[in-house]
Amino acid sequence: MLVGTAVGLVTGIASTLLVTATVRPDIVIALAVGLPSVVGLLLILLSNRRSVTTLGAFILAIAPGWLGVLVAIQVVYGA
């Protein structure tokens, strides 16, 4: 899960560098938390193998890292 959080941090930074369109911050935060959370929970709940459960936990752990970066950017830029 620590690796998933680190990947979330890197993904959050990369997404803010690649996406230059103006988007509402609340929608971005909802997608950053909602999408990995739903996919990770579904993988954990519907898995039959240990490796799929591990992948679900990894994807679930991406959300806090991604959210942390996006919130930090909002605080710095005052958006």
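Procedures and definitions
Residues numbered from 1 in each chain as written. Predicted model: local features only at pLDDT ≥ 70, side-chain atom pairs only at ≥ 80, totals over all residues. Heavy atoms only, no water. Helix = DSSP H or I, 4+ residues; strand = E, 2+ residues; numbered from the N terminus. Buried < 20%, exposed > 50% of the residue type's maximum accessible area, 1.4 Å probe, protein only. Contact = heavy atoms within 4.5 Å. Areas by Shrake-Rupley, 256 points an atom, 1.4 Å probe, with all protein chains shown as cover. Patch = residues over 30% accessible without salt bridge, like charges linked within 9 Å, V, L, I, M, F, W, Y side chains within 5 Å. Salt bridge = Lys/Arg side-chain N within 4 Å of Asp/Glu carboxyl O. Expected span 1.5 Å × (residues − 1). Arc of directions from axis to C-beta. pLDDT = per-residue confidence, 0-100. Axes fitted to C-alpha atoms, helices over the stretch in contact; angles between N-to-C directions. Parallel < 35°, antiparallel > 145°, perpendicular 65-115°, else oblique. Nonpolar A, V, L, I, M, F, W, Y, C, P; charged D, E, K, R; others polar.

Visitor: Before we move on, can you summarise the overall build of the protein with the specific residues and values?
Guide: On a plain count of helices and strands, the protein comes out with three helices and zero strands. The N-to-C order of helical and strand elements in the protein reads α-α-α. Within the protein, the fraction of its 79 residues that count as buried is 22%. Considering only residue pairs separated by 6 or more positions, the protein has 70% of its internal contacts joining residues 24 or more positions apart. Surface summary for the protein: the accessible area is close to 5400 Å², and the carbon and sulfur share equals 75%.

Visitor: Describe a nonpolar patch on the surface, with residues and values.
Guide: On the surface, L18, V19, V23, I27 and L31 cluster together to form a nonpolar patch covering roughly 480 Å² of accessible area. Mapped onto the elements of the fold, L31 is located in helix α2 (residues 25-45).

Visitor: Give a description of helix α1 (residues 2-18) that names residues and reports values.
Guide: Taking 1.5 Å per residue as the helical rise, α1 with its 17 residues ought to reach 24 Å, and the 24 Å between its terminal C-alpha atoms agrees with that figure. Residues of α1 that are buried include every one of G4, G8 and G12, and no others. The buried residues of α1 all sit within an arc of 85° when viewed along its axis, so they share a single face. Away from the buried face of α1 by more than 90 degrees, exposed residues L2, V3, V10, L17 and L18 are located. Taken together, the buried residues of α1 touch α3 (50-77).

Visitor: I'd like to hear about the pattern of salt bridges, residue by residue, with values.
Guide: Side chains that differ in charge, positive against negative, can pair when their charged atoms come close. A complete count under the given rule lists one salt bridge for this structure. With a closest N to O distance of 2.6 Å, R24 and D26 form a salt bridge. According to the relative accessible area criterion, R24 is exposed, its value standing at 53%. Look at D26 and you get partly exposed, because its relative accessible area is 43%.

Visitor: Run through the confidence of the model for the protein, naming residues and quoting values.
Guide: Residues at a pLDDT of 70 or more form 99% of the protein, whose mean pLDDT is 85. The spread of mean pLDDT over the elements of the protein runs between α1, the lowest at 83, and α2, the highest at 88.

Visitor: So, α2: which residues are in play, and what are the values?
Guide: For α2, with 21 residues, the first-to-last C-alpha span of 30 Å sits near the 30 Å given by 1.5 Å per residue. Those residues of α2 not exposed but buried are A32, P36, S37 and G40.

Visitor: Which residues make up the packing of α2 against α3, and what values go with them?
Guide: Orientation of α2 relative to α3, taken along the N-to-C sense of each, is 170°, at an axis distance of 7 Å. If you check the angle between α2 and α3, you find them roughly antiparallel. Among the residues making up the contact of α2 with α3, the classes are represented as 20 nonpolar, five polar and no charged.

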